[in-house]
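# Observations on the three-dimensional arrangement
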Amino acid sequence: MESLSYGVPMVVIPQETLDQMITARRLAELGLSLALAQAEITVGRFREAVERVATGETIHQNGKHMQRLAREAGGYRRAVEAIMHFAQERTR
């Protein structure tokens, strides 16, 4: 989230857990990162991915767009408010 909030494109290497693999896949689908499978990483593949992310105009544009959306969403304060509101509604 920190990278997204600053509009920084990423190379992600998910650990072998389902949540990380799903997150990595989704970031790649949204054009916000390149995902590399742990088992397939080589120095060459990693270097190529970093270069693509560093120079890719589309991925930078997507990152800036997501940065704007994240800021407009209200950040962690808005998330806390939404959670608190949900919890209050559930206890009524």
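What comes next concerns the included structure. (Residues numbered from 1 in each chain as written. Predicted model: local features only at pLDDT ≥ 70, side-chain atom pairs only at ≥ 80, totals over all residues. Heavy atoms only, no water.)

### Examining the pattern of salt bridges
Under the criterion given, the structure shown has two salt bridges. For Arg26, the salt bridge goes to Glu29, with nearest N and O atoms at 3.2 Å. Remark: Glu29 and Arg26 occur in helix α2 (residues 18–29); sequence separation between them is three residues, near one turn of the helix. The closest approach of N and O atoms between Glu81 and Arg78, which form a salt bridge, is 3.8 Å. Of this pair, Glu81 and Arg78 both sit in helix α5 (residues 75–91), separated by three residues, roughly a single helical turn. Glu81 gets classed as partly exposed once you look at its relative accessible area, which sits at 49%. Since its relative accessible area comes to 41%, Arg78 is described here as partly exposed. (Salt bridge = Lys/Arg side-chain N within 4 Å of Asp/Glu carboxyl O. Helix = DSSP H or I, 4+ residues; strand = E, 2+ residues; numbered from the N terminus. Buried < 20%, exposed > 50% of the residue type's maximum accessible area, 1.4 Å probe, protein only.)

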